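Spelled out from the first residue to the last, the chains are:
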Amino acid sequence: MTTSKQSEAPTPGAEQDPSEGAIRRLMRLSRPVSGRLVLAAILGALAVGSSVGLLATSAWLISRASEQPPVLFLTIAVVSVRAFGIGRAVFRYAERLVSHDAAFRTLTDMRVSIYSRLADNGPVALRPYRRGDLLSRLVADVDSVQDLSLRVLVPGLAGFIVAAGSVALAVWLLPAAGAILAVALIVGGVAVPWLTMRTGAASAARLAPVQGRMTSEVVDLFSGAADVMSCGAGRRMVARIEATDDEFTRVQSEGAAAAGLAAALGAAAQGAAVVGAVLVAVPAVRSGDLSGVNLAVVVLLPLAAYEAVVNLPTAALALLRVRSSAERVFEVIDTPPAVTETSAPKPLPAPADGVRRVELRDVAAHYPGADRDAVSGVDLTLRTGSTTALVGPSGAGKSTIASVLERFLDYDGRVTLDGTELAELDSDQVRTVIGLCAQDAHVFDTTIGENVRLANRSADDVAVLAALDAARLGDWVAAQPDGLDAAVGMHGAALSGGQRQRLALARALIADFDVLVLDEPTEHLDAETAAALMADLRAATAGKAVLLITHRPADAASADRIVEVGR
Amino acid sequence: MRPLDPRLLTYARVTRKFLVASVIIGTAIALLAVVQAFALAGIITEVFQAGAGLAEVTDAIWVLVAVILARVALSYLAEVVANSTAAKAKSQLRTALLDHVMKLGPVWLARRGEGELAALTTRGINALDAYYARYLPMLVLAVTVPIVGGVTILTQDLLAAVIVALTLPLIPVFMVLVGLYTKGRVDRQWRTLGVLSGHFLDVVAGLPTLAVFGRAKAQAANIRRIGDAYRVATLRVLRVSFLSSLVLELLATLSVALIAVSIGLRLVEGNFTLYAGLVVLILAPEVYLPLRMVGANFHAAAEGLGAAEGVFEVLDTEPPATGSRTDVPDPSRVGIEIRDLSVEYADRGAPALDGFSGQIAPGRMTALVGPSGSGKTTLLNVLLGFVQPNSGEVRIGDVDLAELDPDAWRAHVAYVPQRPRLLSMSLRDNVALGAPDADDDRIVAALTAAGATDVLDSLPDGLDTPLGEGGHGLSVGQQRRVAVARALLRDAPLVLLDEPTAALDVATEADVLAAVKEHARGRTVVVVAHRTSLAELADDVVVVPETGAIRVVE
C-alpha cells in the first residue's frame, strides 16, 4: 500500500545529470515495477513459445505418424500438442494482466512525481507554458510514456527469449537451418526495428509537438469561443486547427510509410527463412544429416518462430514516441524554479508583542527569462491591525508584489518578516503567515464547502458558513437546495464572476493568515455590493496586517495608508 | 460494442473506401496462404516420402518464392493504406466535431467542460489509430481467410473442416457475449479517464491557489489515490475484457491441437495421406489467426470506438434552431426590444432571467445595471445568439432575433466578454480577430484608443509578439484592453461590453471610457456596468432585477 508519506518523498528523477537520456531516466522511474515487468516478459515468452511448440510438435507428430509406428510411440507428442494448445491462451492472459498492472503503477508514479515537482517549483515557473500545451504534456505525453513497458520492454524481452529458444531447437536438429533462422530473426528482430526507428524518428519526434500545438489551438477555440464567435472568426479558427490537423495527418502518413516498409521487410525475412530452410533441409535429408521425420519441423519452424519478433518494429516506433513524449514531460519537470529555497532556513520569527511586521525596502522582481524588472523600487510596511493600499496603473506590477510576498518569485532588495529576511525562511512556512486572495483565484470542480475548506481542513460547517457570510455569499449559499454541498462546476462555471471572487475571499478569510494580501477583491462587483463588502472586510480583517491591491479610489480611501507603484 | 459503428461510415467517409480496399487485400492474402500451404506440403511429402532432392522440387520452390514476394508487396500496401486511412478518418471526425461545436456555441461549451472536450478532440480521437490500423483490416481478414482456408481444408479433410466449422463461429459468439458484458464497463472507464484528466488539469490549473493555502504538496497524495483507484478499477475491467481473448485463443489453439492429433491418429491407421495432413496443419492456424488478432486488438479498438462514441454523442446533440434571414436590420438605426425574456440553464436550479422586458434605443449607449448574478451576462449571451431563451423574444426593429441567421447577425455585433481570452497568436492577429483585413495603422490606432499603448510598448516584438493561450504574459487588465481594442477595430453598429473597465486603474479606465464614448457615436452600445462611472457615462440605464431564487445581500 502506498501512503501519502511516500508520495511526498523527494521526486524520483529530480536530481539528474542533465545529459542522461530520457529513456534511461524513464527506466529509473519504472524500477519499482521491474519485478513485475520481468514476470510479464517470462509469461509472454511462454505464450509465444507455446505457439512455436504447438507447430513443431504437430509437424513431428504428423510426420512420425505417417510412418505408422505403434500409437504408444506418439503419446508424449499427443500430450505435448494438447498442452501447448492450452498454454498459449493461459500464459497470454496472465502476461497482459501483469504488464498492464505494472504500466498503470508507473503511470501513477509519473503523475505524482511530475505534480510534486510542479508544486515544488511554484506556480510562477509554469508561466512559459500554454495551458493547452501543458495539458497535452501532462495528460497525453504522460499516458504515452506507459507504452515503454507495455509495447517495448515486455515484448522485447519475451521476443528475445523465444527467438533464442527457437534457434536452439533448429541448431539441435540441423545447424545450418539454425544459422539461417538466426539470421532471419536478427534481421526481423534487430535490423527491421532499427530501420523502422531511423525512418520513423523524424516523424515521431515531430508528431508530439504538432499534437501539442493542435491541443493548444483546440483549447484556444473552446475556451475563447465567445471571443472568436462574436468576431465571426469561428470558421477561420477552425481552419487554423484544420491546417495543423493536415500537418499532423501528413506527419503521421510519413510514419505509415515507415510502418509499411517494416511490415514488408519483416514478411521478406520470414519468407526467406522458410525458403532457406527448404534449401538446406532437402539436401540434408538426402545426406542423412537430418532425419526425414524432422524435415517438416525444420521447414515449418520459421513460420511459428517469426512471431517472436513480429511485434518488435511496432515496439521500435513506440520507443520513439515514448522518448519524444518523455523529453517533453521532463522539460516541464526541469523548468528551473522561480524561487531559490534556502538550504538552512531560519525558524519562523514570532511576532513582537503580537504585532506582525512585513517591510519591503527597494524591492524589485523579474520573471524567469525576462530581461527587465516587472516591478522595482517598492517600499512599504505592513503591520498587524492596519491596512495598506497598493495602487498603480494596470501592468505596473502590483500582482508581482503579491507573488514576491507569497514566495512564488525571487526578489532583489529587502523583504523582512518581523526582522527576518523572507528568502532565509522556509517558503511553506512563510505561506502559513502571509496569505493571498488572488485576482484569478482558482475555483475547483467540487462543492462550495470543499472549496472553502481547502484553506482550513479542520473547519466545521459553522466556520465555513461564517466565512461565506463575511464574504457576503452566505445568503446565496443558504438559498441553494444543496447548501454547502452545491457543486460549482468546472472553473466555477455555475457561479457568476462576482460569486467566484467572493468564494475565493471566504477561503482566504477562513485560513486565518496573520498577513493577508487581497488582490482586487471587489472586481466584478457592482458599486453597492463592493462598498458593503469592503466594510465587511474591514471588520473581518481588523486584527490582521492587510495589503489591499486595488485601482478603485473608493477601496483605497478606506485604507490606513496608500502606496503607489509604477508612477 | 458494435465492431463497426455505421456512423463512422457517415462522419468519416474515408472508411467506406478503406473497407473495399481491405476486402480486396484480404482475399489476396487468403489465397496466397492457401498456395503457400500446398507448395510446402508438396515439398515436404516429396522429399520425406519419395526421397526427392532439390532438383525435383524446384518448381514448388519457385512457387514459394513468388508467394513470398506477393506477400511482401501486400504487407506494405495494407500497412500504408490502413495508416493513412486512420489519419484521414480522424481528421474528418475532428472537422465534423469542431464544426458542430461551433454551432452549439460558447455557453454550451462552458457547461460541457472545455478541458474534457479538448482531450476528446485531440487525444481521444487518436485512439482510433489502433482501430483502423490493426482492428478493421483484421476484421475483414477474419471473414476472407476462414472462408478461403476453410473451403480448402474441406477439400482435404472432412473431419478437420467440421472442427473448424464448429469452433470458428463460437469465437464471434463469445466475442459478442463478452463484449456485451464489458460494454458498460469500458464506457465507464473512458468516462473515468475523462474525469481523471479533468481532475489532473483542475489541480494543475489551481496550483497557485493550492500553494497559497499550503495544500499543493498534499494534492500529490490525492493524485496518487485517484491514480490507484483508476488502476484498480481498470484492471477489474481488463480481467473481464481480456477474458474474451482468453476464450478466443483457447478455442483457436486448442482446435489446431485437436486437428493435429486427429490427423496423426488417422495417419497411424493408414487411412490418410501425409500431403493432405500437412496442408491442413499449415492452414489451420492461419484460419484462426485473423480472429485471434481481432481478439488481441479488441481492447485497443474498444478504446477508439469509445472515443468515437463520445464524438458521436456531441454530433448527435441537436444545435439550437437558428433562423436563416440574412437581411439583418441595422441595429444602430432600429431599437432592440426585449419582451418577457426567460432563460433557464439545465444545470442551475433558478432561472438566469425570469420574464425580463426592456428596450435598447438605437444610436445610444445603454448601461445594464443590477446586482451580481441577476442575469446581465445572460442577456448579452441572448443578444449574441449564444443562448436561446426558453420563452419571450428579442426584436431588432420589426424582426425577431430568432429568425436571423446567427452569423449574419453577429457580423453587426462587437463584443467584449467578462473574461476576454487572448488566443495563442500574435498581438496583431488577436486585435484583428474580428477585422482580419485591418492594416497595422488601424490596429495601432485601436490599441491606442483602448489605452493599450503600454501593452504594445512592453512586448519585445511589438505587434508580432506571440501571446500565449489565455494571454499569458499580460495582466488581466492588459488582456481586457486588448479585447476592447479588438471590439473597437471591429467597427460594428452594435457593441456589447461586459464590464469593459474591470481590472483597470482609474487613469486607464478614464482613457478606455473616453474611447468607448467616442466610439459610441452613431452606434448602439450596451454595457454591463458595475461601476457608477460607467453607468453615468451612458445615455440610458436599464435595471436587470434579481430573479427570484438568487439573492444578494443589500
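Remember, predicted model here, so these are calculated numbers, not experimental data.

A. Representation of the overall build of chain A in the model. Along its length, chain A carries 19 helices and 9 strands. A compact globule built from 567 residues should have a C-alpha radius of gyration of about 24 Å, whereas chain A, at 34 Å, is more than 25% larger. If you line up chain A on its principal axes, its C-alpha atoms span 110 × 50 × 50 Å. Here chain A, with 567 residues, has 61% of them falling under the buried criterion. For chain A, long-range pairs separated by at least 24 residues make up 77% of all intrachain contacts whose partners lie at least 6 apart in sequence. Accessible surface, chain A as shown: approximately 21000 Å² in total, 58% of it carbon and sulfur.

B. Inspection of the sheet that holds strand S7 (residues 515–519) of chain A at higher detail. Residues and elements named next belong to chain A. Strand order in the open sheet formed by 5 strands is S6-S7-S8-S3-S9, and the pairing between neighbours is parallel. Strands with a single pairing partner mark the edges of an open sheet, and in this sheet they are strand S6 (434–437) and strand S9 (561–564). Across the sheet, the axes of successive neighbouring strands diverge by a mean angle of 20°, strand direction being ignored. Looking at chain direction, strand S3 (residues 387–391) and S9 are connected through 4 bridges and run parallel. Directly across from Leu390, in S9, lies its bridge partner Val563.

C. Broad picture of the interface of chain A and chain B. Listed per partner, the contact involves 165 residues of chain A and 165 residues of chain B. Taking both sides of the interface into account, the surface hidden between chain A and chain B amounts to around 14100 Å²; carbon and sulfur atoms contribute 66%. A salt bridge links Arg88 of chain A to Glu249 of chain B; its shortest N-O distance comes to 2.8 Å. Applying the counting rule to chain A against chain B returns 24 residue pairs in polar contact (both at pLDDT 80 or more). When the residues that make up the side of chain A that touches chain B are grouped by side-chain class, the tally is 84 nonpolar, 39 polar and 42 charged.

D. Geometry of the packing of helix H6 (residues 147–173) of chain A against helix H11 (residues 312–333) of chain A. Residue and element names in this part refer to chain A. Axis separation between H6 and H11 bottoms out at 9 Å; the angle between their running directions is 145°. Considering only the axes of H6 and H11, their crossing is left-handed. Where H6 approaches H11, its residues Asp147, Leu148, Arg151, Val152, Pro155 and Gly156 are matched on the opposing element by Leu312, Ala315, Ala318, Leu319 and Val322.

E. The sheet that holds strand S2 (residues 375–383) of chain A, seen in detail. Residues and elements named next belong to chain A. Strands sit in the order S2-S1-S4-S5 across an open sheet of 4 strands; the sheet is antiparallel. The open sheet has two edge strands, S2 and strand S5 (420–421), and neither has a second partner. Bridge count between strand S1 (residues 357–365) and strand S4 (residues 412–417): 5 bridges; the pairing is antiparallel. By the bridge assignment for S4, Val358 is matched with Leu417. The strands touched by helix H12 (residues 398–405) are S1, S2 and S4; relative to S1, the strand with the most contacts, the crossing angle is about 120°.

F. Quick look at helix H18 (residues 527–540) of chain A. Residue and element names in this part refer to chain A. A rise of 1.5 Å per residue sets the reference length of H18, with its 14 residues, at 20 Å; its end C-alpha atoms lie 20 Å apart and thus fit the reference within 8%. Taken together, the buried positions of H18 are Thr529, Ala530, Ala532, Leu533, Met534 and Leu537. Residues of H18 that are buried sit in contact with helix H15 (461–470), helix H17 (497–510), S7, strand S8 (545–549) and helix H19 (553–557).

G. Molecular detail of the environment of Ile62 of chain A. Relative to the helices and strands, Ile62 of chain A is located in helix H3 (residues 34–65). If near-sequence neighbours (up to four positions away) are discounted, Ile62 of chain A is found in contact with Ala260, Ile263, Leu267, Leu274, Gly277 and Leu281 of chain B.

H. Expanded view of the environment of Ala284 of chain A. Within the element layout of this structure, Ala284 of chain A appears in helix H9 (residues 234–287). Sequence spacing of Ala284 of chain A and Ala508 of chain A is 224 residues, and the spatial spacing of their C-alpha atoms is 87 Å.

Quick notes on the rules
- Residues numbered from 1 in each chain as written.
- Chains lettered and ligands numbered in written order.
- Predicted model: local features only at pLDDT ≥ 70, side-chain atom pairs only at ≥ 80, totals over all residues.
- Heavy atoms only, no water.
- Helix = DSSP H or I, 4+ residues; strand = E, 2+ residues; numbered from the N terminus.
- Rg over C-alpha atoms; globule rule 2.2 N^0.38 Å.
- Buried < 20%, exposed > 50% of the residue type's maximum accessible area, 1.4 Å probe, protein only.
- Contact = heavy atoms within 4.5 Å.
- Areas by Shrake-Rupley, 256 points an atom, 1.4 Å probe, with all protein chains shown as cover.
- Pairing = 2+ DSSP bridges.
- Axes fitted to C-alpha atoms, helices over the stretch in contact; angles between N-to-C directions.
- Buried area = accessible area lost by both parts, 1.4 Å probe.
- Salt bridge = Lys/Arg side-chain N within 4 Å of Asp/Glu carboxyl O.
- Polar contact = N/O pair within 3.5 Å; in protein donor to acceptor, adjacent residues only side chain to side chain.
- Nonpolar A, V, L, I, M, F, W, Y, C, P; charged D, E, K, R; others polar.
- Left-handed = near helix turned anticlockwise from the far one by under 90°.
- Expected span 1.5 Å × (residues − 1).

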